[in-house]
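# Structural features, examined
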Amino acid sequence: MTARSADQWCPALAPALMLRHDAVRGTDLLVLPERVVVLKGHAGMVVGLCDGTRTVPGIVGELAERFPGAPVADSVPGFLDSMRQEGWLT
């Protein structure tokens, strides 16, 4: 993905997927047809921001405000791109 397309991409969950919180396990889950992916750490929060209205820089900016000093600019774009490659984000 080029830098320009990454700046303009507004990630959203693929239509058949759902983000759910498992209160028993205290973790977020990505529910796919016939499969469940356990999201660790703050991954559920990042995926929750993927609503199709925010660009990747917008998501990074919002997370940087919530978590000052965290390396979100270094880790979040790659995480979102890997989810896109899996087909989980459009």
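Residues numbered from 1 in each chain as written. Predicted model: local features only at pLDDT ≥ 70, side-chain atom pairs only at ≥ 80, totals over all residues. Heavy atoms only, no water.

Turning our attention to the packing of helix α3 (residues 56-66) against helix α4 (residues 72-86). Taken N-terminus to C-terminus, the directions of α3 and α4 make an angle of 135°; their axes are 10 Å apart at the nearest point. The angle between the axes of α3 and α4 places the two elements in the oblique class. Here α3 runs over α4; the crossing is right-handed. Here Val56, Ile59, Val60, Leu63 and Ala64 of α3 lie close against α4, whose contacting residues are Val72, Ala73, Val76, Pro77 and Leu80. Split into classes, the residues belonging to the contact of α3 with α4 amount to ten nonpolar, no polar and no charged. (Axes fitted to C-alpha atoms, helices over the stretch in contact; angles between N-to-C directions. Helix = DSSP H or I, 4+ residues; strand = E, 2+ residues; numbered from the N terminus. Parallel < 35°, antiparallel > 145°, perpendicular 65-115°, else oblique. Left-handed = near helix turned anticlockwise from the far one by under 90°. Contact = heavy atoms within 4.5 Å. Nonpolar A, V, L, I, M, F, W, Y, C, P; charged D, E, K, R; others polar.)

Here the focus is the layout of surface pockets. Approximately 170 Å³ is the volume found for the largest pocket. Along its surface, the largest pocket is lined by His42, Ala43, Val46, Leu63, Phe67, Ala70, Pro71, Val72, Ser75, Val76 and Phe79. No other element matches the four residues that α4 contributes to the lining of the largest pocket. (1 Å grid on protein atoms, 1.4 Å probe; cavity = no way out; pocket = protein on both sides within 12 Å on 5 of 7 lines; lining within 4 Å. Points joined across faces, edges and corners; volume = space filled by probe spheres on them.)

Outside of glycine, negative phi angles account for most residues, and trans bonds account for most peptide bonds. Of note in this structure, Glu34 is not a glycine but carries a positive phi near 65°. Summarising the element assignment, Glu34 is placed in the loop between β2 (27-32) and β3 (35-39).

Moving on, we get to the sheet that holds strand β1 (residues 18-22). One open sheet holds the three strands; their spatial order is β1-β2-β3, and the pairing between them is antiparallel. Of all the strands in the sheet, the pair left with one neighbour each is β1 and β3. The average undirected angle you get between the axes of adjacent strands in this sheet is 30°. Strand direction decides the pairing type here: β1 and β2, joined by five bridges, are antiparallel. Residue pairing in the sheet places Arg20 in a bridge with Leu29 of β2. (Pairing = 2+ DSSP bridges.)

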